[in-house]
Amino acid sequence: MFWQLEFIPSSAEEPDHCAAFLFAIPNHEEANSSGVWSRRSVLTAKIYLKNAKNQTFLKKQSVKMNSFSAKLSGWGWEAFYNKSSLPEHVLFGVEFDRAEMGLVSQKWPLPSNQQLNESIPQDLVKAWEGQLNNPATSDCQFNVQGQIIYANSAILCARSKYFELVFRGQWLESDITKQEILQSPSKDQKDSLNHNDIISQRCNHVIDVTDFHHQTFLEMLRFLYTNKVTFVDKKDEQNSQLTPLDLFRIADKYLIDDLRQHAKSEIFKDLNVNDAAEFLFGTAWKYPELKEQAMKYVVLNFVTVRQTSGFKNILADPSSYPAYTDLLNEILAELFPATGSVNTGKPAKEEIV
C-alpha cells in the first residue's frame, strides 16, 4: 500500500494558506477498481504540521479514508494552515492506524462494461456478437442441457487455454467428432441431426456440457467473443443463472481469468453483513479467492455479523456446512490472537491533538 504526501507552501486557490494533500498510489487490484479501495477504507489517517524546534503540533486533521478510489485518489485541503502563523522550520507528515472494527461499507473492484470496451469500437463489438451462436460461421457445437449453442473454435482457443487444450484433444472433455456422431449417433444426437443438419456440413466438434445452465454458458461465450459481461440484478438472482457466482464458477472452470475477476468484484460489491456468514460457510470456502475476501469481511464486521439470522442458522446446524469447524477456528484465531488479547481493531495508542 503506497501513498504520496504533498505540502504546498503557497496554495494556488488560497494564497494566504499552505495546502496539504494525501494521494493513494493504486496497486494492481485497485487500478482496475471503480469503487472505494476496501483495504484502505479500514485505516484511519491524520495529516499533521509540527513546529520542528519544539515538536508541538500546529495542526492535525483527519483524512476520509473511505473516499479513496479510482475516481478520487487524493484528499486534502487547499487552506490547510495560515502562512502568517508558520514558524521558520516545520515538519509535515501523516499518521496511520487501524479503525475500530464495526460495520464497514466496502466497495469492491468492479470493472464496468464501459471500462472493458472503452477502446473497442462498438460496431466491432456488435459484429463479433453477431457471430456467436451462428451455425453458418461455426465449427463446434455445445449441447447444454437440451439446448444447442454454436461457436467458432478458433475464437475460443485464442481466448481460453482450457478450450485450446480441449480442441487439441489434450484434456478429457466430452469432445465428439462429426464422424463419430454420423457413425453411431445416440437418440439425442439423432434428434440434433434431424433438427439441423448443419452439423453434418460444418461442425467438427460436439461437446456435451452437463454442469452449467444454458444461460450461464452462453453468457460466458459472449464474454469470449465481445469482452462484455452482463450480471443480473440482485433482486432477480433467484430466477436467473446469470448471477455473479454462476459466472465466477464457469470462469473458474474454463480458466477465463478476466471474467473470473469481474465476477469476483461483483460478488463482493453486493456482499453485506446479513448474508456474509452464509456466503463464507456455504460457498466461498470452496474457492481460495472468495474465501480470503469473505473471511476478512466477516472478521472485520463480526460484532454485527454474529447477530444476524444467517450466522445463528449456521451455529444451529453446523453439520450442513462441511468447513464449519475450520472456518470457525480461523475466525476465532483472527479475533483472539495468540497473545490472548482481543483484536478489536482499536489503535494501540491514542494521541491528543
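Criteria and cut-off values
Residues numbered from 1 in each chain as written. Predicted model: local features only at pLDDT ≥ 70, side-chain atom pairs only at ≥ 80, totals over all residues. Heavy atoms only, no water. Axes fitted to C-alpha atoms, helices over the stretch in contact; angles between N-to-C directions. Helix = DSSP H or I, 4+ residues; strand = E, 2+ residues; numbered from the N terminus. Left-handed = near helix turned anticlockwise from the far one by under 90°. Contact = heavy atoms within 4.5 Å. Nonpolar A, V, L, I, M, F, W, Y, C, P; charged D, E, K, R; others polar. Expected span 1.5 Å × (residues − 1). Buried < 20%, exposed > 50% of the residue type's maximum accessible area, 1.4 Å probe, protein only. Core = buried A, V, L, I, M, F, W, Y, C linked by side-chain atoms within 4.5 Å. Domains from an automatic or database assignment. pLDDT = per-residue confidence, 0-100. Salt bridge = Lys/Arg side-chain N within 4 Å of Asp/Glu carboxyl O. Parallel < 35°, antiparallel > 145°, perpendicular 65-115°, else oblique. Pairing = 2+ DSSP bridges.

1. As for the packing of helix α9 (residues 214–226) against helix α10 (residues 244–253)
Next up, step 1: The contact between α9 and α10 brings their axes to 10 Å, and the two run at 65°. Judged by the twist between their axes, the crossing of α9 over α10 is right-handed. Contacts between α9 and α10 involve Thr 216, Phe 217, Glu 219 and Met 220 from the first element and Asp 246, Leu 247 and Ile 250 from the second.
Next up, step 2: Of the residues assigned to the contact of α9 with α10, the class counts are 4 nonpolar, 1 polar and 2 charged.

2. Focus: α9
Next up, step 1: In this model, α9 (13 residues) spans 18 Å end to end at C-alpha, consistent with the 18 Å of a helix rising 1.5 Å per residue.
Next up, step 2: Across the 13 residues of α9, 11 count as buried, placing the element largely inside the fold.
Next up, step 3: Regarding α9, the residues found buried are His 214, Thr 216, Phe 217, Glu 219, Met 220, Leu 221, Arg 222, Phe 223, Leu 224, Tyr 225 and Thr 226.
Next up, step 4: Just downstream of α9, Asn 227 is the residue with a positive phi angle, here 65°.

3. Focus on the side chain of His 214
Next up, step 1: Looking at where His 214 falls in the secondary structure, it is placed in helix α9.
Next up, step 2: In this view, His 214 contacts Val 144, Gln 145, Gln 147 and Ile 149; residues no more than four positions away in its chain are not counted.

4. Quick word on the nonpolar core
Next up, step 1: One finds Phe 142, Leu 156, Phe 217, Met 220, Leu 221 and Tyr 254 to be the most contacted residues of the largest nonpolar core, which totals 60 residues.
Next up, step 2: Each of two domains, domain 2 (122–181 + 196–246) and domain 3 (271–335), supplies a minimum of three residues to this core.
Next up, step 3: Beyond its immediate stretch of four places on either side in the chain, Leu 221 contacts Leu 132, Phe 142, Ile 149, Ala 151 and Leu 156.
Next up, step 4: Membership of the second largest hydrophobic core comes to 16 residues, among which are Ala 20, Leu 22, Leu 43 and Trp 77.

5. Description of the confidence of the model for the protein chain
Next up, step 1: The pLDDT averaged across the protein chain works out to 78; a share of 75% of its residues lies at or above 70.
Next up, step 2: Across the protein chain, helix α15 (residues 309–316) holds the top mean pLDDT of 94, while helix α7 (residues 178–183) sits lowest at 45.
Next up, step 3: Counting interchain partners and residues more than four positions distant, the pLDDT-below-50 stretch residues 100–117 has 66 contacts.
Next up, step 4: Across residues 177–184, where pLDDT falls below 50, the model places 14 contacts with residues more than four positions away in sequence or in other chains.

6. A look at the pattern of salt bridges
Next up, step 1: Applying the stated rule across the entire model yields 10 salt bridges.
Next up, step 2: Across the pair Asp 257 and Arg 260 runs a salt bridge whose closest N-O atoms are separated by 2.5 Å. Placement of the pair is Asp 257 and Arg 260 together in helix α11 (residues 257–269), with a separation of 3 residues, close to one helical turn.
Next up, step 3: By relative accessible area, which is 39% here, Asp 257 ends up partly exposed.
Next up, step 4: Relative accessible area serves as the criterion here: at 14%, Arg 260 is assigned to the buried category.

7. Regarding the packing of α11 against helix α13 (residues 288–300)
Next up, step 1: Where α11 contacts α13, the two axes come as close as 11 Å, and the packing angle between them is 25°. Compared by their axis directions, α11 and α13 come out roughly parallel. Helix-helix and strand crossings are classified by hand; for α11 and α13 the assignment is right-handed. Within the contact between the two elements, α11 uses Arg 260, Gln 261, Lys 264, Ile 267 and Phe 268 and α13 uses Glu 289, Leu 290, Gln 293 and Ala 294.
Next up, step 2: Its residues assigned to classes, the contact of α11 with α13 shows 4 nonpolar, 2 polar and 3 charged.

8. With respect to unusual backbone geometry
Glycine aside, residues mostly have negative phi angles, and peptide bonds mostly take the trans form.
Next up, step 1: With a phi angle near 60°, Asn 133 is a residue other than glycine that sits in the positive phi range.
Next up, step 2: One can find Asn 133 in the loop between α4 (122–129) and β7 (140–144).
Next up, step 3: Under the relative-accessibility criterion, Asn 133 is labelled partly exposed at 32%.
Next up, step 4: Positive phi is not limited to glycine here, since Asn 227 has a value of about 65°.

9. Quick notes on the side chain of Lys 60
Next up, step 1: Structurally, Lys 60 is set in strand β4 (residues 57–63).
Next up, step 2: The class for Lys 60 is buried, based on a relative accessible area of 11%.

10. Things to note about the pairing of strand β2 (residues 17–25)
Next up, step 1: In this sheet, β2 lies alongside strand β1 (residues 2–8) in antiparallel orientation, the contact comprising 7 bridges. Residue pairing across strands places Gln 4 opposite Phe 23, the latter belonging to β2.
Next up, step 2: Of the strand pairs in this sheet, β2 and strand β5 (residues 74–82) are connected by 6 bridges, and their pairing is antiparallel. Bridge pairing in β5 links Phe 21 to Gly 76.

11. As for the sheet that holds β1
Next up, step 1: Overall, antiparallel pairing links the 3 strands, which are arranged β1-β2-β5 in an open sheet. Only two strands of the sheet have a single partner each, and these edge strands are β1 and β5. Between one strand axis and the next, the sheet turns through 15° on average, direction left out of account.

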